[in-house]
Amino acid sequence: MIRIERIRADIEALRAFTATPGAGVTRLSFSPQEGQARRYLLTEMERAGLAVREHPSGCLLGRLAGKNPGRPAVLTGSHYDTVHNGGAFDGVCGLVAALEMARSMREDGYFPSNPVEIVGFLEEEGTRFGYGLLCSAALLGLIPAEELAALRDDDGVTFADAAAACGLSLADLPAEVLRPDDLKAFVELHIEQGPVLEQYRREIGVVDCIAAMCFGQVTVCGRADHAGTTPTELRLDAMRGAVEVIGRFYEAAGQLGGGVVATVGKLVVHPGSANVVPDRVVFSVDYRCRDGGLVKRMRELLLEALEALKALGLSYQYEDGGVLPAVQMDARIMASIEEEAARLGYSSMRLPSGAGHDAMNLAEACPVGMIFLPSAGGRSHCPEENTGWEEIAKGARVLEAVVKRLCES
Ligand SMILES: [Zn+2]
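All values derive from a computational prediction rather than experimental measurement.

The rules behind each value
Residues numbered from 1 in each chain as written. Predicted model: local features only at pLDDT ≥ 70, side-chain atom pairs only at ≥ 80, totals over all residues. Heavy atoms only, no water. UniProt positions renumbered as here; feature names shortened; annotations may be inferred. Helix = DSSP H or I, 4+ residues; strand = E, 2+ residues; numbered from the N terminus. Buried < 20%, exposed > 50% of the residue type's maximum accessible area, 1.4 Å probe, protein only. Contact = heavy atoms within 4.5 Å. Donors = N, O, S within 2.8 Å, 3.2 Å for Na, K, Ca; no water. Polar contact = N/O pair within 3.5 Å; in protein donor to acceptor, adjacent residues only side chain to side chain. Domains from an automatic or database assignment. Buried area = accessible area lost by both parts, 1.4 Å probe. Salt bridge = Lys/Arg side-chain N within 4 Å of Asp/Glu carboxyl O. Pairing = 2+ DSSP bridges.

Asker: How do you make sense of the UniProt feature "binding site: Zn(2+) 2" (unreviewed entry) in the chain when you look at a structure like this?
Answerer: Feature annotation in UniProt places "binding site: Zn(2+) 2" (unreviewed entry) on Asp-90, Glu-125 and His-381, given in this structure's numbering. In three dimensions, the annotated residues from a span of 292 residues occupy one location, with a maximal C-alpha spread of 10.2 Å. Relative to the assigned elements, Asp-90 resides in the loop between strand S3 (73-79) and helix H3 (92-107). Taking relative accessible area as the criterion, Asp-90 reaches 5% and is therefore assigned buried. Those residues in contact with Asp-90, other than ones at most four positions away along the chain, are His-79, Glu-125, His-190, Ile-191, Gln-193, Ser-380, His-381 and Glu-385. The residue Glu-125 is located in the loop between strand S4 (116-121) and helix H4 (134-139) in this model. On the accessibility criterion, Glu-125 (19% relative accessible area) is buried. Those residues in contact with Glu-125, other than ones at most four positions away along the chain, are His-79, Asp-81, Thr-82, Val-83, Asp-90, Gly-132 and His-381.

Laid out in C-alpha coordinates, this is it:
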(Lines give C-alpha, C1' and ligand atoms only; values in the text may rest on other atoms or scores of the structure.)
Protein backbone atom coordinates (compact mmCIF):
# COMPACT_ATOMS: atom_id res chain seq x y z
CA MET A 1 0.00 0.00 0.00
CA ILE A 2 1.24 3.50 -0.86
CA ARG A 3 1.89 5.40 2.38
CA ILE A 4 1.74 9.15 2.40
CA GLU A 5 3.99 9.56 5.48
CA ARG A 6 6.89 7.79 3.78
CA ILE A 7 6.53 9.97 0.68
CA ARG A 8 6.63 13.02 2.91
CA ALA A 9 9.65 11.76 4.86
CA ASP A 10 11.58 11.07 1.62
CA ILE A 11 10.84 14.46 0.09
CA GLU A 12 11.68 16.29 3.31
CA ALA A 13 14.92 14.32 3.69
CA LEU A 14 15.97 15.10 0.10
CA ARG A 15 14.94 18.75 0.44
CA ALA A 16 17.58 19.14 3.20
CA PHE A 17 20.39 18.17 0.80
CA THR A 18 20.82 21.64 -0.65
CA ALA A 19 23.73 24.03 -1.16
CA THR A 20 21.39 26.97 -0.41
CA PRO A 21 19.59 26.29 2.91
CA GLY A 22 16.67 28.66 3.38
CA ALA A 23 16.71 29.67 -0.30
CA GLY A 24 15.31 26.65 -2.11
CA VAL A 25 17.00 23.47 -3.25
CA THR A 26 20.31 23.71 -5.13
CA ARG A 27 21.63 20.22 -5.80
CA LEU A 28 24.02 20.00 -8.73
CA SER A 29 25.19 16.73 -10.28
CA PHE A 30 28.15 15.14 -8.40
CA SER A 31 28.11 17.89 -5.74
CA PRO A 32 28.42 17.08 -2.01
CA GLN A 33 24.64 17.58 -1.67
CA GLU A 34 23.99 15.19 -4.54
CA GLY A 35 26.30 12.68 -2.80
CA GLN A 36 24.15 12.92 0.34
CA ALA A 37 20.99 12.43 -1.74
CA ARG A 38 22.62 9.51 -3.59
CA ARG A 39 23.46 7.72 -0.31
CA TYR A 40 19.96 8.31 1.03
CA LEU A 41 18.33 7.00 -2.15
CA LEU A 42 20.59 3.94 -2.41
CA THR A 43 19.87 3.06 1.23
CA GLU A 44 16.12 3.44 0.77
CA MET A 45 16.13 1.47 -2.48
CA GLU A 46 17.99 -1.37 -0.76
CA ARG A 47 15.54 -1.28 2.14
CA ALA A 48 12.74 -1.57 -0.39
CA GLY A 49 14.30 -4.86 -1.51
CA LEU A 50 15.78 -3.60 -4.77
CA ALA A 51 19.14 -4.68 -6.20
CA VAL A 52 20.89 -1.31 -6.56
CA ARG A 53 23.69 -0.15 -8.79
CA GLU A 54 25.34 3.14 -9.64
CA HIS A 55 25.44 3.21 -13.41
CA PRO A 56 28.56 4.77 -15.02
CA SER A 57 26.25 7.35 -16.69
CA GLY A 58 25.64 8.82 -13.22
CA CYS A 59 22.15 7.29 -12.95
CA LEU A 60 21.01 5.28 -9.92
CA LEU A 61 19.20 2.02 -10.66
CA GLY A 62 17.26 -0.28 -8.34
CA ARG A 63 15.83 -3.51 -9.68
CA LEU A 64 13.05 -5.84 -8.63
CA ALA A 65 13.84 -8.87 -10.81
CA GLY A 66 10.54 -10.72 -10.34
CA LYS A 67 9.63 -14.04 -11.98
CA ASN A 68 11.54 -13.60 -15.23
CA PRO A 69 14.78 -11.68 -14.64
CA GLY A 70 15.81 -11.99 -18.29
CA ARG A 71 12.77 -10.16 -19.65
CA PRO A 72 12.83 -6.45 -20.56
CA ALA A 73 12.20 -4.19 -17.58
CA VAL A 74 9.49 -1.65 -16.91
CA LEU A 75 11.50 1.43 -15.94
CA THR A 76 10.16 4.28 -13.81
CA GLY A 77 11.69 7.25 -11.99
CA SER A 78 12.85 10.80 -12.59
CA HIS A 79 15.76 13.14 -11.88
CA TYR A 80 17.09 14.39 -8.55
CA ASP A 81 19.40 17.20 -9.69
CA THR A 82 17.93 20.71 -9.51
CA VAL A 83 18.29 24.21 -10.93
CA HIS A 84 19.84 26.92 -8.72
CA ASN A 85 17.40 27.78 -5.87
CA GLY A 86 14.76 25.42 -7.22
CA GLY A 87 11.96 23.55 -5.49
CA ALA A 88 11.74 20.28 -3.57
CA PHE A 89 9.32 18.55 -5.96
CA ASP A 90 10.69 18.89 -9.51
CA GLY A 91 12.05 15.46 -10.43
CA VAL A 92 12.20 14.21 -6.83
CA CYS A 93 8.42 13.69 -6.81
CA GLY A 94 8.67 11.06 -9.57
CA LEU A 95 11.64 9.30 -8.03
CA VAL A 96 10.07 9.21 -4.55
CA ALA A 97 6.76 7.96 -6.01
CA ALA A 98 8.67 5.16 -7.76
CA LEU A 99 10.51 4.30 -4.54
CA GLU A 100 7.25 4.20 -2.57
CA MET A 101 5.76 2.02 -5.33
CA ALA A 102 8.63 -0.46 -4.83
CA ARG A 103 8.06 -0.56 -1.05
CA SER A 104 4.36 -1.10 -1.61
CA MET A 105 4.98 -3.94 -4.09
CA ARG A 106 7.32 -5.68 -1.65
CA GLU A 107 4.94 -5.35 1.30
CA ASP A 108 2.08 -6.67 -0.80
CA GLY A 109 4.19 -9.64 -1.89
CA TYR A 110 3.83 -8.61 -5.53
CA PHE A 111 6.23 -10.53 -7.76
CA PRO A 112 6.16 -9.03 -11.27
CA SER A 113 6.27 -11.04 -14.50
CA ASN A 114 8.67 -8.50 -15.99
CA PRO A 115 11.40 -6.86 -13.90
CA VAL A 116 10.63 -3.42 -12.45
CA GLU A 117 13.52 -0.97 -12.41
CA ILE A 118 13.64 2.36 -10.57
CA VAL A 119 15.89 5.07 -12.00
CA GLY A 120 17.24 8.35 -10.60
CA PHE A 121 18.64 10.56 -13.35
CA LEU A 122 21.26 13.30 -12.93
CA GLU A 123 21.97 16.43 -14.98
CA GLU A 124 18.40 16.56 -16.31
CA GLU A 125 18.41 20.31 -15.77
CA GLY A 126 21.83 20.86 -17.36
CA THR A 127 22.65 23.20 -14.45
CA ARG A 128 26.24 22.02 -14.01
CA PHE A 129 27.40 20.91 -17.47
CA GLY A 130 25.05 23.04 -19.61
CA TYR A 131 23.51 20.04 -21.32
CA GLY A 132 19.98 19.02 -20.32
CA LEU A 133 18.70 15.42 -20.13
CA LEU A 134 22.35 14.40 -20.09
CA CYS A 135 22.55 11.29 -17.90
CA SER A 136 19.46 9.66 -19.43
CA ALA A 137 21.11 10.20 -22.84
CA ALA A 138 24.29 8.58 -21.47
CA LEU A 139 22.31 5.68 -19.94
CA LEU A 140 20.99 4.85 -23.41
CA GLY A 141 24.19 5.56 -25.33
CA LEU A 142 22.65 8.55 -27.11
CA ILE A 143 25.78 10.63 -26.47
CA PRO A 144 29.25 9.23 -27.26
CA ALA A 145 31.24 8.46 -24.09
CA GLU A 146 34.15 10.68 -25.23
CA GLU A 147 31.86 13.66 -25.79
CA LEU A 148 30.23 13.11 -22.39
CA ALA A 149 33.62 12.77 -20.66
CA ALA A 150 34.88 16.07 -22.10
CA LEU A 151 31.91 18.27 -21.06
CA ARG A 152 33.06 20.93 -18.59
CA ASP A 153 31.34 22.88 -15.81
CA ASP A 154 31.92 26.61 -15.20
CA ASP A 155 35.05 25.81 -13.16
CA GLY A 156 36.56 23.73 -15.98
CA VAL A 157 35.95 20.38 -14.23
CA THR A 158 35.13 17.67 -16.78
CA PHE A 159 32.17 15.33 -16.47
CA ALA A 160 34.66 12.42 -16.38
CA ASP A 161 36.56 13.91 -13.42
CA ALA A 162 33.38 14.86 -11.54
CA ALA A 163 32.01 11.34 -12.03
CA ALA A 164 35.35 9.76 -11.07
CA ALA A 165 35.32 11.71 -7.79
CA CYS A 166 32.05 9.83 -7.08
CA GLY A 167 33.65 6.49 -7.91
CA LEU A 168 32.20 6.18 -11.43
CA SER A 169 34.34 5.25 -14.42
CA LEU A 170 33.19 6.34 -17.86
CA ALA A 171 35.39 3.61 -19.35
CA ASP A 172 32.69 1.18 -18.19
CA LEU A 173 29.90 3.11 -19.90
CA PRO A 174 29.84 1.61 -23.43
CA ALA A 175 29.44 -1.94 -22.07
CA GLU A 176 26.71 -0.90 -19.64
CA VAL A 177 24.49 1.14 -21.92
CA LEU A 178 20.82 0.08 -21.79
CA ARG A 179 19.53 -1.24 -25.13
CA PRO A 180 15.96 -1.14 -26.43
CA ASP A 181 15.83 -4.93 -25.78
CA ASP A 182 16.42 -4.25 -22.07
CA LEU A 183 13.36 -2.03 -21.77
CA LYS A 184 9.67 -2.83 -22.04
CA ALA A 185 8.41 0.66 -21.21
CA PHE A 186 9.23 3.81 -19.26
CA VAL A 187 6.75 5.72 -17.12
CA GLU A 188 7.72 9.03 -15.50
CA LEU A 189 5.68 10.81 -12.87
CA HIS A 190 6.49 14.53 -12.67
CA ILE A 191 4.96 17.74 -11.38
CA GLU A 192 3.27 19.74 -14.13
CA GLN A 193 5.34 22.90 -13.48
CA GLY A 194 2.47 24.92 -14.96
CA PRO A 195 -1.05 26.03 -13.99
CA VAL A 196 -3.32 23.84 -16.18
CA LEU A 197 -4.26 20.96 -13.83
CA GLU A 198 -4.96 23.37 -10.99
CA GLN A 199 -7.00 25.60 -13.32
CA TYR A 200 -9.15 22.65 -14.48
CA ARG A 201 -9.20 21.05 -11.00
CA ARG A 202 -7.85 17.70 -12.17
CA GLU A 203 -5.82 15.36 -9.96
CA ILE A 204 -3.93 13.45 -12.64
CA GLY A 205 -2.47 14.78 -15.89
CA VAL A 206 -2.06 12.34 -18.76
CA VAL A 207 0.71 13.75 -20.94
CA ASP A 208 -0.05 13.13 -24.61
CA CYS A 209 3.12 14.64 -26.06
CA ILE A 210 6.18 16.68 -25.18
CA ALA A 211 6.14 19.83 -27.29
CA ALA A 212 8.45 20.48 -30.21
CA MET A 213 10.92 23.18 -29.20
CA CYS A 214 13.61 25.41 -30.63
CA PHE A 215 16.19 27.55 -28.82
CA GLY A 216 18.40 30.12 -30.50
CA GLN A 217 20.53 33.20 -29.95
CA VAL A 218 20.24 36.39 -31.98
CA THR A 219 22.92 39.07 -32.27
CA VAL A 220 21.89 42.37 -33.87
CA CYS A 221 24.87 44.49 -34.96
CA GLY A 222 24.96 48.24 -35.55
CA ARG A 223 27.41 51.02 -34.67
CA ALA A 224 28.23 52.74 -31.37
CA ASP A 225 27.79 56.54 -31.47
CA HIS A 226 27.26 59.44 -29.11
CA ALA A 227 23.66 59.41 -27.81
CA GLY A 228 23.40 63.22 -27.93
CA THR A 229 25.23 64.27 -31.07
CA THR A 230 24.22 61.64 -33.63
CA PRO A 231 20.96 62.47 -35.45
CA THR A 232 18.42 59.65 -35.53
CA GLU A 233 18.58 59.20 -39.31
CA LEU A 234 22.35 58.79 -39.20
CA ARG A 235 22.40 56.08 -36.51
CA LEU A 236 22.85 52.35 -36.81
CA ASP A 237 21.16 51.57 -33.49
CA ALA A 238 21.28 47.85 -32.72
CA MET A 239 18.58 48.27 -30.07
CA ARG A 240 16.13 49.71 -32.62
CA GLY A 241 16.64 46.55 -34.65
CA ALA A 242 16.39 44.21 -31.66
CA VAL A 243 13.12 45.81 -30.52
CA GLU A 244 11.73 45.41 -34.05
CA VAL A 245 12.66 41.72 -34.21
CA ILE A 246 11.45 40.91 -30.69
CA GLY A 247 8.14 42.66 -31.39
CA ARG A 248 7.62 40.66 -34.57
CA PHE A 249 8.66 37.42 -32.78
CA TYR A 250 5.97 37.86 -30.11
CA GLU A 251 3.39 38.97 -32.67
CA ALA A 252 4.10 35.87 -34.75
CA ALA A 253 3.38 33.61 -31.74
CA GLY A 254 0.09 35.42 -31.11
CA GLN A 255 -0.97 35.25 -34.74
CA LEU A 256 -0.04 31.61 -35.28
CA GLY A 257 -2.02 30.53 -32.19
CA GLY A 258 -2.21 26.74 -31.75
CA GLY A 259 -0.57 27.02 -28.33
CA VAL A 260 2.73 28.46 -29.59
CA VAL A 261 4.72 30.00 -26.73
CA ALA A 262 7.60 32.40 -27.40
CA THR A 263 10.07 33.78 -24.87
CA VAL A 264 12.98 36.21 -24.94
CA GLY A 265 14.43 35.53 -21.49
CA LYS A 266 17.91 36.95 -21.86
CA LEU A 267 19.08 40.22 -23.40
CA VAL A 268 22.50 41.83 -23.26
CA VAL A 269 23.22 45.33 -24.60
CA HIS A 270 26.71 46.43 -25.71
CA PRO A 271 28.54 48.53 -24.79
CA GLY A 272 25.90 49.00 -22.10
CA SER A 273 26.15 52.74 -21.38
CA ALA A 274 23.15 55.05 -21.02
CA ASN A 275 24.69 57.69 -23.31
CA VAL A 276 26.00 55.42 -26.08
CA VAL A 277 23.98 54.13 -29.04
CA PRO A 278 24.15 50.31 -28.73
CA ASP A 279 26.35 48.63 -31.32
CA ARG A 280 25.34 45.09 -30.40
CA VAL A 281 22.32 43.48 -28.75
CA VAL A 282 22.37 39.76 -28.00
CA PHE A 283 19.18 37.95 -26.97
CA SER A 284 17.83 34.44 -26.59
CA VAL A 285 14.76 33.07 -28.35
CA ASP A 286 12.82 30.05 -27.07
CA TYR A 287 9.72 28.90 -28.93
CA ARG A 288 7.67 25.76 -28.46
CA CYS A 289 4.46 24.10 -29.60
CA ARG A 290 3.01 20.59 -29.72
CA ASP A 291 2.68 21.12 -33.49
CA GLY A 292 6.22 20.90 -34.91
CA GLY A 293 4.99 22.57 -38.12
CA LEU A 294 4.15 25.72 -36.18
CA VAL A 295 7.62 25.73 -34.57
CA LYS A 296 9.16 25.62 -38.05
CA ARG A 297 6.82 28.43 -39.15
CA MET A 298 7.94 30.49 -36.14
CA ARG A 299 11.52 30.06 -37.23
CA GLU A 300 10.68 31.22 -40.78
CA LEU A 301 8.94 34.32 -39.43
CA LEU A 302 11.87 35.06 -37.12
CA LEU A 303 14.31 34.78 -40.02
CA GLU A 304 12.10 37.12 -42.12
CA ALA A 305 12.18 39.67 -39.29
CA LEU A 306 15.96 39.34 -39.11
CA GLU A 307 16.36 39.80 -42.88
CA ALA A 308 14.31 43.00 -42.63
CA LEU A 309 17.09 44.46 -40.42
CA LYS A 310 19.17 44.97 -43.56
CA ALA A 311 16.78 47.73 -44.65
CA LEU A 312 17.76 49.57 -41.45
CA GLY A 313 21.45 49.16 -42.29
CA LEU A 314 21.90 46.62 -39.49
CA SER A 315 23.35 43.11 -39.68
CA TYR A 316 22.67 40.03 -37.58
CA GLN A 317 23.84 36.57 -36.62
CA TYR A 318 21.46 33.79 -35.68
CA GLU A 319 22.66 30.65 -33.91
CA ASP A 320 19.92 28.08 -34.04
CA GLY A 321 19.87 24.94 -31.89
CA GLY A 322 17.63 23.14 -34.40
CA VAL A 323 14.01 22.12 -33.89
CA LEU A 324 13.61 19.28 -31.39
CA PRO A 325 10.59 17.40 -32.72
CA ALA A 326 7.55 16.74 -30.51
CA VAL A 327 7.66 13.37 -28.75
CA GLN A 328 4.40 11.41 -28.67
CA MET A 329 3.50 9.39 -25.60
CA ASP A 330 2.42 5.77 -26.10
CA ALA A 331 -1.35 5.46 -26.71
CA ARG A 332 -1.71 2.28 -24.62
CA ILE A 333 0.13 3.76 -21.65
CA MET A 334 -1.98 6.94 -21.86
CA ALA A 335 -5.15 4.82 -21.82
CA SER A 336 -3.80 2.81 -18.83
CA ILE A 337 -3.11 6.00 -16.87
CA GLU A 338 -6.64 7.25 -17.59
CA GLU A 339 -8.30 3.95 -16.73
CA GLU A 340 -6.34 3.42 -13.52
CA ALA A 341 -6.96 7.01 -12.42
CA ALA A 342 -10.71 6.51 -13.01
CA ARG A 343 -10.69 3.16 -11.18
CA LEU A 344 -9.07 4.86 -8.17
CA GLY A 345 -11.65 7.66 -8.34
CA TYR A 346 -9.30 10.44 -9.47
CA SER A 347 -10.12 13.03 -12.11
CA SER A 348 -7.77 13.30 -15.06
CA MET A 349 -7.19 15.15 -18.30
CA ARG A 350 -4.81 14.94 -21.24
CA LEU A 351 -2.33 17.74 -21.76
CA PRO A 352 0.97 18.33 -23.55
CA SER A 353 4.21 19.00 -21.71
CA GLY A 354 5.82 22.30 -22.65
CA ALA A 355 8.90 21.34 -20.63
CA GLY A 356 11.50 18.84 -21.79
CA HIS A 357 11.91 15.63 -19.76
CA ASP A 358 14.14 12.54 -19.68
CA ALA A 359 11.15 10.71 -21.14
CA MET A 360 12.13 12.30 -24.50
CA ASN A 361 15.34 10.26 -24.50
CA LEU A 362 13.65 7.09 -23.30
CA ALA A 363 11.16 7.40 -26.17
CA GLU A 364 14.09 6.55 -28.46
CA ALA A 365 14.26 3.11 -26.86
CA CYS A 366 10.76 2.03 -25.74
CA PRO A 367 7.10 3.07 -25.33
CA VAL A 368 6.87 6.00 -22.88
CA GLY A 369 4.16 7.54 -20.71
CA MET A 370 4.09 10.49 -18.30
CA ILE A 371 1.86 11.25 -15.32
CA PHE A 372 1.62 14.91 -14.28
CA LEU A 373 0.58 16.18 -10.85
CA PRO A 374 -0.74 19.68 -10.10
CA SER A 375 1.74 22.41 -9.19
CA ALA A 376 0.38 24.92 -6.66
CA GLY A 377 -0.12 28.22 -8.45
CA GLY A 378 1.65 26.70 -11.46
CA ARG A 379 4.95 27.64 -9.81
CA SER A 380 8.16 25.68 -10.43
CA HIS A 381 11.95 26.13 -10.50
CA CYS A 382 11.57 28.32 -7.41
CA PRO A 383 11.51 27.73 -3.64
CA GLU A 384 7.70 28.17 -3.61
CA GLU A 385 7.20 25.07 -5.77
CA ASN A 386 4.61 22.82 -4.08
CA THR A 387 2.48 19.75 -4.65
CA GLY A 388 0.38 18.34 -1.77
CA TRP A 389 1.36 15.07 -0.05
CA GLU A 390 -2.04 13.56 -0.77
CA GLU A 391 -1.75 14.55 -4.43
CA ILE A 392 1.63 12.82 -4.66
CA ALA A 393 0.21 9.71 -2.99
CA LYS A 394 -2.57 9.64 -5.59
CA GLY A 395 0.00 9.89 -8.34
CA ALA A 396 2.03 7.06 -6.77
CA ARG A 397 -1.08 4.84 -6.64
CA VAL A 398 -1.75 5.47 -10.33
CA LEU A 399 1.92 4.86 -11.13
CA GLU A 400 1.91 1.55 -9.24
CA ALA A 401 -1.21 0.35 -11.04
CA VAL A 402 0.12 1.34 -14.48
CA VAL A 403 3.51 -0.29 -13.86
CA LYS A 404 1.79 -3.51 -12.73
CA ARG A 405 -0.31 -3.54 -15.90
CA LEU A 406 2.80 -3.08 -18.03
CA CYS A 407 4.57 -5.90 -16.15
CA GLU A 408 1.71 -8.34 -16.63
CA SER A 409 0.69 -7.49 -20.22
ZN1 LIG B 1 12.09 18.09 -13.79
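Asker: Please clarify how the coordination of the zinc ion should be interpreted in this entry.
Answerer: A four-donor tetrahedral metal ideally has 109.5 degree angles, and a six-donor octahedral metal ideally has angles of 90 or 180 degrees. Those donors, His-79 (NE2), Asp-90 (OD) and His-190 (NE2), are the protein atoms that reach the zinc ion, and they lie 2.0 to 2.2 Å from it. In primary-sequence terms, the residues that donate to the zinc ion follow H-x10-D-x99-H. One end of the pair, His-79, is in strand S3; the other, His-190, is in strand S5 (residues 183-191), with 111 residues separating them in the sequence. On the accessibility criterion, His-79 (0% relative accessible area) is buried.

Asker: I'm lost on the side chain of Ser-353 in this one. Help?
Answerer: Relative to the elements of secondary structure, Ser-353 occurs in strand S13 (residues 348-353). Overall, Ser-353 belongs to the buried group, its relative accessible area being 1%. Within the local environment of Ser-353, its side chain forms a polar contact with the side chain of His-357, the two groups lying 3.4 Å apart. Not counting residues up to four positions away in its chain, the partners in contact with Ser-353 are Val-207, Cys-209, Ile-210, Ala-211 and Phe-372.

Asker: Would you mind showing me how to read the domain arrangement of the chain here?
Answerer: Interface size is often expressed as the accessible area that is lost when the parts come together. For the chain, the assigned domains are domain 1 (4-210 + 326-408) and domain 2 (212-323). Each of domain 1 and domain 2 was reduced to a C-alpha centroid, and the two centroids are 36 Å apart. Each side of the interface is counted separately: domain 1 has nine residues, and domain 2 has four residues. Across the domain 1 to domain 2 interface the summed buried area is about 480 Å²; carbon plus sulfur atoms make up 54%. At the boundary of domain 1 and domain 2, one finds one salt bridge. A salt bridge links Asp-208 to Arg-290; the shortest N-O distance between them is 2.9 Å. For the pair domain 1 and domain 2, the interface holds two residue pairs in polar contact (both at pLDDT 80 or more).

Asker: What is the right way to look at the pairing of strand S10 (residues 280-289) in this model?
Answerer: If a strand is regular, its side chains alternate between the two faces of the sheet. By the criterion of burial, S10 is predominantly enclosed, with seven of the ten residues buried. Bridge analysis of strand S7 (residues 212-221) against S10 gives ten bridges, and the strand direction is antiparallel. Bridging from a neighbouring strand, Gln-217 pairs with Ser-284 of S10. Note that strand S8 (residues 261-263) and S10 share three bridges and pair antiparallel. When the sheet's bridge partners are listed, Ala-262 is paired in S10 with Tyr-287.

Asker: Would you mind showing me how to read the UniProt feature "binding site: Zn(2+) 1" (unreviewed entry) in the chain here?
Answerer: When the UniProt feature table is mapped to this numbering, "binding site: Zn(2+) 1" (unreviewed entry) covers His-79, Asp-90 and His-190. In terms of the greatest pairwise C-alpha distance, the residues named above, spread along 112 residues, form a tight cluster of at most 9.4 Å across. With sequence-adjacent residues up to four places away left out, His-79 is seen in contact with Asp-90, Gly-91, Val-92, Phe-121, Glu-124, Glu-125, His-190 and Asp-358. In this structure the side chain of Asp-90 is engaged in a polar contact, spanning 2.9 Å, whose partner is the side chain of His-190.

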